Amino acid sequence: MEPSGREKAYVELRNGDHLAPASESPTVGKYALSWLKRFVDDDTRYDQFLCPGPTPDTNVSQCRNTCPSS
């Protein structure tokens, strides 16, 4: 059982694979860096890049997340 109140994010890339995080993808870079800065460095300025999450487009097939409460 997962603890309640934990922030979560899942971004699925269109045509992505398990090597996508190692690629030079601006989409991966934007959301990975924003998530790390927000939750590792506790820098709430990055909330604006995480919430709302990306909408499906040519790069993103789906996104599910909880938005941080600053």
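Our subject is the structure listed above.
This write-up is about the structure you can find in this document. (Residues numbered from 1 in each chain as written. Predicted model: local features only at pLDDT ≥ 70, side-chain atom pairs only at ≥ 80, totals over all residues. Heavy atoms only, no water.)

Quick word on unusual backbone geometry
Here the amide bond leading from Cys 51 into Pro 52 is cis, since omega sits at 0 degrees, within 30 degrees of zero. Within the secondary structure, Pro 52 sits in the loop between α2 (47–50) and β2 (60–65). Although it is not a glycine, Asp 42 adopts a positive phi angle of roughly 55 degrees. Residue position: Asp 42 is located in the loop between α1 (26–39) and α2. On the basis of relative accessible area, Asp 42 is assigned to the exposed category, the value being 55%. (Helix = DSSP H or I, 4+ residues; strand = E, 2+ residues; numbered from the N terminus. Buried < 20%, exposed > 50% of the residue type's maximum accessible area, 1.4 Å probe, protein only.)

Some points on the packing of aromatic side chains
Overall, the coordinates contain two aromatic pairs when judged by the stated rule. With centroids separated by 5.2 Å and ring planes inclined at 45 degrees, the aromatic side chains of Trp 35 and Phe 39 adopt a geometry described as tilted. On the criterion of helical spacing, the pair formed by Trp 35 and Phe 39 is a turn pair, its members being four residues apart in helix α1. Residue class for Phe 39 comes out partly exposed when judged on its relative accessible area of 28%. Residues Tyr 46 and Phe 49 carry aromatic rings whose centres are separated by 5.8 Å and whose planes lie at 55 degrees to one another, so their mutual orientation is tilted. (Phe/Tyr/Trp six-rings, centres within 6.5 Å; stacked < 30°, edge-to-face > 60°.)

Section: the pattern of salt bridges
Counted by the stated rule, this structure contains four salt bridges. Of the charged contacts, one joins Asp 42 and Arg 38 as a salt bridge, the two residues approaching to 3.1 Å between their closest N and O atoms. With its nearest N and O atoms 2.5 Å apart, the salt bridge here joins Arg 38 to Asp 47. You'll find Arg 38 and Asp 47 in the same group, each marked buried. A single salt-bridge network, built from bridges that share partners, covers Arg 38, Asp 42 and Asp 47. (Salt bridge = Lys/Arg side-chain N within 4 Å of Asp/Glu carboxyl O.)

Some details on a nonpolar patch on the surface
A surface patch of nonpolar side chains, about 290 Å² in accessible area, is lined by Trp 35, Leu 36 and Val 40. Mapped onto the elements, Val 40 comes out in the loop between α1 and α2. (Patch = residues over 30% accessible without salt bridge, like charges linked within 9 Å, V, L, I, M, F, W, Y side chains within 5 Å. Areas by Shrake-Rupley, 256 points an atom, 1.4 Å probe, with all protein chains shown as cover.)

Comments concerning α1
End to end, α1 covers 20 Å across 14 residues, agreeing with the expected 20 Å (1.5 Å per residue, within 8%). Restricting attention to buried positions, one finds in α1 the residues Thr 27, Val 28, Tyr 31, Ser 34 and Arg 38. The buried residues of α1 all sit within an arc of 150 degrees when viewed along its axis, so they share a single face. Tucked into the core, α1 has its buried residues touching β1 (9–13), α2 and β2. (Expected span 1.5 Å × (residues − 1). Arc of directions from axis to C-beta. Contact = heavy atoms within 4.5 Å.)

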